[in-house]
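This is what each chain is made of:
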Amino acid sequence: MKIAVINGPNINMLGIREKNIYGSGTYDALLEKISAYCEEKDVDVDFFQSNHEGAIVDYIQSLYEKADGIVINPAAYTHTSVAVADALKAVSIPYVEVHISDVNKREPFRQISYVSAAALKKIAGKGFDGYLEAIDILIRNDEK
Ligand code: DQA
């Protein structure tokens, strides 16, 4: 099984940005944690992070007929991007939406998500573990 893990703008700043909200773990630490988990579960994983909306759309399109599942934290684009939501629907790859912080308990604008409607699940507020939970959901979905 092949899974792509996509992170949006400022996720590369983990460990530096708003540690009280996102914790002190770095982006590299996040990738190491996910890689180790995928190895354990025999999942082939690819990572992509960009601060640019169009680059995220291009990457999602490149996954067409190539990935069995997507874990996506679109970060700020969650709340603004019809283009990212449309790209996810266009490729018809099952995906799980992840947020490190509990967006449901933050500012009202963070409670809007353009990608939730077509997601298998939205996971928020579980820190880095949310990504592992998302991988489990995609594995279970693939076994159906
Ligand atoms: C985030 C929440 C978003 O509102 C924010 O813009 C982010 C990260 C999260 O992982 O909690 O950059 O997606």
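For the structure, check the block above.
Scoring rules and cut-offs
- Residues numbered from 1 in each chain as written.
- Predicted model: local features only at pLDDT ≥ 70, side-chain atom pairs only at ≥ 80, totals over all residues.
- Heavy atoms only, no water.
- 1 Å grid on protein atoms, 1.4 Å probe; cavity = no way out; pocket = protein on both sides within 12 Å on 5 of 7 lines; lining within 4 Å.
- Points joined across faces, edges and corners; volume = space filled by probe spheres on them.
- Nonpolar A, V, L, I, M, F, W, Y, C, P; charged D, E, K, R; others polar.
- Buried < 20%, exposed > 50% of the residue type's maximum accessible area, 1.4 Å probe, protein only.
- Helix = DSSP H or I, 4+ residues; strand = E, 2+ residues; numbered from the N terminus.
- Arc of directions from axis to C-beta.
- Contact = heavy atoms within 4.5 Å.
- Polar contact = N/O pair within 3.5 Å; in protein donor to acceptor, adjacent residues only side chain to side chain.

Asks: Which parts of the structure should I look at to understand the layout of surface pockets?
Replies: Space left empty within the atom packing is revealed by a probe, the size of a water molecule, rolled over the atoms. Computed from the structure, the largest pocket encloses a volume of approximately 160 Å³. Along the wall of the largest pocket there are 16 residues; nearest its centre are Arg-17, Tyr-22, Ala-75, Ala-76 and Arg-110. Tallied by class, residues from the lining of the largest pocket come to seven nonpolar, six polar and three charged.

Asks: How do you make sense of helix α4 (residues 82-91) when you look at a structure like this?
Replies: Since the α-helix turns once every 3.6 residues, residues separated by three or four places project in the same direction. Those residues of α4 lying buried are Val-84, Ala-85, Ala-87, Leu-88 and Val-91. Taken around the axis of α4, the buried residues stretch over an arc of 160°, which confines them to a single face. Looking at α4, the residues exposed on the side facing more than 90 degrees away from the buried face are Lys-89 and Ala-90. Buried residues along α4 sit in contact with α3 (53-62), β3 (69-73) and β4 (95-99). The N-cap of α4, judged by a side-chain oxygen 3.4 Å from the amide nitrogen of Ala-83 a few residues on, is Ser-81.

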